[in-house]
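Structural overview
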Amino acid sequence: KKGAKYYLLLALGWIFIFLGLLGLFLPILQGILFLAIGLIVLSRRSPRVRLFNQKMGQRYPKYRAIQDDAQRVLNG
């Protein structure tokens, strides 16, 4: 049985993904940053997204640095 927190994090992750996709086309938003945050939030609930996130971090060191910073913020 999944609680409200599960669905809240799932919705929040997809909202960030959507904002990231918009940010790739709109100069006002930081697309890559929102995509990274969305993937980090979704990776807490989805093993498939977690694996994709790890592969992206290995391939792109700057993305890994963004991941590490965001993890520190999320973990407090």
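Shown above is the structure to which this text applies.
Turning to the nonpolar core, a few remarks are in order. The nonpolar side chains of soluble globular proteins are, as a tendency, buried together. I17, L35, A36, L39, L42, V49 and Y63 together form the largest nonpolar core, which totals seven residues. Looking at this core, the element that brings in the most residues is helix 2 (residues 31-43), giving four residues. Leave out the neighbours within four places in its chain, and A36 touches Y63 and I66.

With 15 residues, helix 4 (residues 61-75) should reach 21 Å at 1.5 Å per residue; the first-to-last C-alpha distance of 21 Å fits that figure. Taken residue by residue, helix 4 has Y63, Q67 and A70 as its buried positions. Along the long axis of helix 4, the arc covered by the buried residues comes to 70 degrees, so they all point the same way. What points out from helix 4, more than 90 degrees from its buried face, is the exposed set P61, K62, R72 and N75. Its buried side turned inward, helix 4 meets helix 2 and helix 3 (47-59).

With that settled, consider the packing of aromatic side chains. The relative placement of two aromatic rings is captured by the distance of their centres and the angle of their planes. Enumeration according to the criterion identifies two aromatic pairs in this entry. Centre to centre, the rings of Y6 and Y7 are 5.1 Å apart; their planes meet at 85 degrees, and the pair counts as edge-to-face. Judged by its relative accessible area of 47%, Y7 falls in the partly exposed class. Between F16 and F34 the ring centres are 5.9 Å apart and the planes differ by 20 degrees, which places this aromatic pair in the stacked class. Residue F16 is found in helix 1 (residues 4-25), and its partner F34 is found in helix 2; the two are separated by 18 residues along the sequence.

Thresholds applied
Residues numbered from 1 in each chain as written. Predicted model: local features only at pLDDT ≥ 70, side-chain atom pairs only at ≥ 80, totals over all residues. Heavy atoms only, no water. Core = buried A, V, L, I, M, F, W, Y, C linked by side-chain atoms within 4.5 Å. Buried < 20%, exposed > 50% of the residue type's maximum accessible area, 1.4 Å probe, protein only. Helix = DSSP H or I, 4+ residues; strand = E, 2+ residues; numbered from the N terminus. Contact = heavy atoms within 4.5 Å. Expected span 1.5 Å × (residues − 1). Arc of directions from axis to C-beta. Phe/Tyr/Trp six-rings, centres within 6.5 Å; stacked < 30°, edge-to-face > 60°.

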